[in-house]
Amino acid sequence: MIHVQNLTKHYADLERGKLVALDGISFDAYPGRIYGLLGPNGAGKTTALRIISTVLRPTAGSVSVNGCDVVTQPSQVRRQLGFMSANTGIYDRMSAWEMVEYFGRLHGLTDERLRARMETLFDRLQMNEIRDLLGSKMSTGMKQKVSIARALVHDPPVLVFDEATVGLDVLVARALLKTVAELREQGKCIVFSTHIMREVEKLCDRVAIVHRGRILAEGTLDELRDRHDQRDLEELFFRLISEHDARPTAA
Amino acid sequence: MNWSNVKLILHREVRDQLRDRRTLFMIAVLPLLLYPLLGMSMFQVLQFVREHPTRVLVIGAGGPAESPALVDGGRFAERWFSAAEKSRLLEVTRGDDDLERVARIKGDVGRAARQAVEGGEFEAVVYFPPDFARRLAAFRAKLAERPAPDGPPPPAAGKGRGKGEPDVPGPEIFYNTAKEKSQITFLRVSRVLDRWRDQIGRENLATSRLPESTARPFQWEEHDVAKEGGHRDAAVWSKLLPFLLVIWALTGAFYPAIDLCAGEKERGTLETLLSSPAERSEIVWGKLLTVMAFSAVTALLNLLSIRITGQFVMSVLPSQIGPPPPLTPLWLALALLPMSALFGALCLALAAFAKSSKEGQYYLMPLMMVTMPLVILPMAPGVELTLGNSLIPVAGVVLLLRALMEGNYLQALPFVPLVVAVTLVCCLWAIRWAVDQFNSESVLFRESERLDVGRWFTHLLRDRGDTPSPAEAVLCGVLILLVQFFMNYALGSTQLESTGFRRLAVLAIVTQLVVIATPALLMTTMLTRSPRRTLLLTRPPWGALPAAAALALALHPAAVRFGELVRKLYPISEEVEKALAALFSDAPSLWQLLLLVAVVPAICEELAFRGFVLSGLRHTGHRWWAIVISSFFFGVTHGILQQSIVACVIGLVIGYLAVQSGSLFPCMVFHLTHNALTVVGARLCPEALGRNPLPDWLATTGDDGGYAFTLTAVALSLFAAGVLLAWFRSLPCAPSPEEALRDALEHQAGPGASGFQPVAKP
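What counts, and at which threshold
Residues numbered from 1 in each chain as written. Chains lettered and ligands numbered in written order. Predicted model: local features only at pLDDT ≥ 70, side-chain atom pairs only at ≥ 80, totals over all residues. Helix = DSSP H or I, 4+ residues; strand = E, 2+ residues; numbered from the N terminus. Buried ≥ 20, exposed ≤ 12 C-beta atoms within 10 Å, placed from the backbone. Contact = placed C-beta atoms within 7 Å. Expected span 1.5 Å × (residues − 1). Core = buried A, V, L, I, M, F, W, Y, C linked by C-beta atoms within 7 Å. pLDDT = per-residue confidence, 0-100. Pairing = 2+ DSSP bridges. Axes fitted to C-alpha atoms, helices over the stretch in contact; angles between N-to-C directions. Parallel < 35°, antiparallel > 145°, perpendicular 65-115°, else oblique. Left-handed = near helix turned anticlockwise from the far one by under 90°. Nonpolar A, V, L, I, M, F, W, Y, C, P; charged D, E, K, R; others polar.

From N to C terminus, chain A includes nine helices and 10 strands. Counting over 251 residues, chain A shows a buried share of 47%. Counted over contacts in chain A with a minimum sequence separation of 6, partners at least 24 positions apart contribute 67%.

See below:
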């Protein structure tokens, strides 16, 4: 599971001075569940996920992944985690097969297990046709598939998807969401960030609405609807954001 | 460190680079094309220069009637050239043929000749005074009147001629050194006139009834042992190949490093790699080995290509340079390894800072500008492999390589460990820097910034922290050095003229107060919220002040011996030594000297270097690097190289005191005591030693009349200093937030350590 406690992150920005990207957010994500981070651009979702995946260090607060602290035990955290960013992170001069194999080997998989795992993933994600295609020749959808395969190659218990459907067409996005749902069924602990309401409604078991580095509301979708007396998630989202921005302290 | 991850990353990066056409062009295609093309161009250029005739205006040119003519037709006579066909290379225009021109320039020959050369009408003008031939003939007639050879000696030619001897005015040659063609013409004309003069001289000797051997009583035979033993070939190649090795090792490392770091940022793959199980150090090592491999291959291919092309070019040149010595490839290969490692790590660290490949390209020039002096230094005339030179990074390797290529093994052998040690230290430092760059979020995830000085100042003032940032600390150090440089430049002439103590004292105090203390204090006021914390103006732990004084006293013998060693390695010029000695001897009183050399620097320099600079640099998270860099700035401000080296080392000790005690006052006490001991040693010891000599086991009288500490004294000094430093080490040291984070990461505390909360540094 992922345990996030009072997570804070500051950046020094030339124009805006001290920029508070995260302002003490806390949440827990559990195995077999998808935790959604819903927020507009610049809300702090990517920063939070980068900290969980040990790419960034927190300014304050703590994050643990299956009991391992992201600051003091970063390598143990990375072994248990698959990270997929909006930027697919595909090497231009590597084929799909080489790329997935590379990350599988970095995760220490044996030849036999790696081979079996890759065959399974390439079949499941229907990637056999692009096996030898170089990254520079791939379409966005293809890149996204390779990125998923790369994140799943070591069969991690925790998965982090950062705006994974950005730039995808409807068909590919739908396939991706289906894959994420299947991964939940396999008992993975998933954190899924997005700014698309429909994806949250369709996928997430719990959701946190994030804005300006803070969690404005958190719970299951039904809990949020009941608490704020609003059935439509989009309306609920707008209302929370507007109320927050209208407060004098937030101005 | 998981080396299988390093191997994996290395394998991937090498494969990736080999699939990149730009890289392949740089490492393989360019060397294969470049040198043959350069060789061909060189041929063309040489041919052009050699075969291009140049124009000379000769005014006058009459010798004695019975002597062979200097000018024959429109050229100098063929006999005045080493080969007849060379006469066509000088196209002569006779000024006396063109009466109008002669008439025009007769009024002021010099001015007209200068105009003709400057205007490019002629490459050179040779002017024979109007009565040149007549006076030369008169001179010869005078010789003929002399008695037979057993009479008095004939008059000497040229200057120093005896009283009453006929004087022959010499011709004048006007040429322009700013134009190469004019220089070449001058050389050609000089040779012609030399031969012509020799001939006239020989005729004069005959007139005097003296044998030709009178003017040249003997000839010598030349034996160039370098040419016979192949040393000349080695000398040529040993200058060329190490230079190219370094330059191409750097260039070969640079472009792959840019692609591996900045390129990876651009493609968005860096984030993916950072979230993989590979540690940052493993990523750096994998990339470093790749960069090293490409650096080495680029250098090797270039050397091979230039070796083949160079030998071909040199074989057709008159110099007839042979191939390099047989062991050359071995020495080059051995030197290439550390050079590739050093440049690979440096390039990687720099490239990590670049946000894009385009930005990365801009970093090549500064890197080249730092490296070039180190490569050019060994090529300077008279620079040889010495103890001092072997300690200079890169230059030491080049000099060692030269000595080995020239076959001077016995000369080179003692310096091998030193050069290896220095290079190893530099490599490790560069690798460490590269790893740190990969651990720095601000480096890896740097955003594009708009250049706006106004916003930048606003940011500095609005977002200032309690203590300065590392960038502000470096800026302060650089600012001090710059102001000092321009002040020295402005006052340079005055300083040389003034030798009085008063003048020097005023200059030194102004330097300390205006150049060193003022920038630090101004920046503290403007850029920090807590001057007290920045300048470490806090009460030191009990006993720290006397311990600091005792430490300076204990270290004094070792410091003095170290200073002597430095002066032996890098001898100080007599002029500087005299100026320093004068400073001590001309001081009217000891207290004034102490105030100038000990008290003022102890306050001003400590405020700047251990106060502002060190406090800022500690935010990097590396307390030792902070101490080293602040000591570097402290050392460089001393101006004289020998003093700077000693000051750098002393700065390390003072920096350590600042970190351990958390207060500037022990640093000031140490600095004051250290400098005061130097003053007292120089000023009082010669007299004191005369009255009460120190025990022999402690010190002897040095050549300069002062004391010279024995090795026993130095050993005792170091032991005592070690004890005192151990005491400082036991003090509770307050780490900066970044140092605390680094310590936590290095100790890799268990899950319970998740409560650690680093404090943000705005």
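On we go from here.
The terminal C-alpha atoms of helix α26 (residues 623-636) of chain B lie 20 Å apart, and with 14 residues this matches the ideal 20 Å at 1.5 Å per residue to within 8%. When α26 of chain B is considered as a whole, its buried residues turn out to be R623, A626, I627, I629, S630, S631, F633, F634 and G635 of chain B.

As a further point, take the nonpolar core. Residues and elements named next belong to chain B. Ranked by internal contacts, the top residues of the largest apolar core, which has 152 residues, are L245, A345, L348, A351 and A434. By residue number, the principal contributor to this core is helix α8 (residues 231-267), which donates 17 residues. Setting aside anything within four residues of it in sequence, one finds L245 in contact with A299, L303, L332, A335, L336 and M339. Grouped together as the second largest cluster of nonpolar side chains are 66 residues, I516, L551, A554 and L672 included.

Moving on, we come to the environment of L177 of chain A. Residues and elements named next belong to chain A. Within the fold, L177 resides in helix α6 (residues 170-185). What makes L177 buried here is the crowd of 21 C-beta atoms within 10 Å. Separated by 22 residues in sequence, L177 and E199 have C-alpha atoms that sit 7.7 Å apart. Residues contacting L177, with those up to four places away along its chain left out, are E199, K202 and L203.

The subject of this paragraph is the confidence of the model for chain B. Low pLDDT means the predicted coordinates in that region are not meant to be read closely. Across chain B, the average pLDDT comes to 81, with 85% of residues at or above 70. Long-range and interchain partners of residues 748-762 of chain B, a stretch whose pLDDT sits below 50, account for 35 contacts in this model, where long-range means more than four residues apart.

Residue and element names in this part refer to chain B. Pairing is mixed across the open sheet formed by four strands, whose spatial order is β4-β1-β5-β6. The sheet is open, and its two borders are formed by β4 (90-94) and β6 (172-175), each paired with just one other strand. Sheet twist, expressed as the average angle between the axes of neighbouring strands with direction ignored, equals 20°. Where strand β1 (residues 54-59) meets strand β5 (residues 124-127), four bridges bridge the pair, whose relative direction is parallel. Residue I59 lies in a different strand from β5, and its bridge partner there is Y127. Docked against the sheet, helix α4 (residues 109-118) engages β1, β5 and β6, running at close to 155° with respect to β5.

Here we take up the pairing of strand β3 (residues 34-38) of chain A. Residue and element names in this part refer to chain A. A large share of β3 lies buried, amounting to five of its five residues. With five bridges connecting them, β3 and strand β8 (residues 189-194) associate as parallel partners. The residue of β8 that forms the bridge with L38 is T194. In this structure, β3 lies alongside strand β9 (residues 206-211), joined through four bridges in parallel fashion. Considered in β9, the bridge of G36 is made with V207.

Another point: the sheet that holds β3 of chain A. Residues and elements named next belong to chain A. Here six strands make up an open sheet; going across it, the order is β6-β7-β8-β3-β9-β10 and the pairing mixed. Because the sheet does not close on itself, it has two edges, and the strands there are β6 (81-84) and β10 (214-219). The sheet shows a mean angle of 15° between the axes of neighbouring strands, direction not considered. Both β6 and strand β7 (residues 158-162) contribute to a ladder of four bridges, which runs parallel. When the sheet's bridge partners are listed, M84 is paired in β7 with F161.

To continue, consider the packing of α8 of chain B against helix α13 (residues 364-376) of chain B. Residues and elements named next belong to chain B. Contact pair α8 / α13: the axes reach a minimum separation of 11 Å and the direction vectors enclose 160°. On the basis of their axis angle, the class for α8 and α13 is roughly antiparallel. Classified by chirality, the crossing of α13 by α8 is right-handed. Mapping the contact onto sequence places F243, V246, I247, L250 and F254 in α8 and L364, L367, T371 and V375 in α13. The residue inventory of the contact of α8 with α13, partitioned by class, reads eight nonpolar, one polar and no charged.

Our focus in this paragraph is unusual backbone geometry. The backbone phi angle of N6 of chain A is positive, close to 50°, even though this residue is not glycine. Of the residues examined, N6 of chain A has 15 C-beta atoms within 10 Å and is grouped as partly exposed. Positive phi, normally seen in glycine, also occurs at L536 of chain B, with a value near 55°. Inspection of the secondary structure puts L536 of chain B in the loop between α22 (531-534) and α23 (544-569). Looking at L536 of chain B, the number of C-beta atoms within 10 Å reads 24, which means it is buried.

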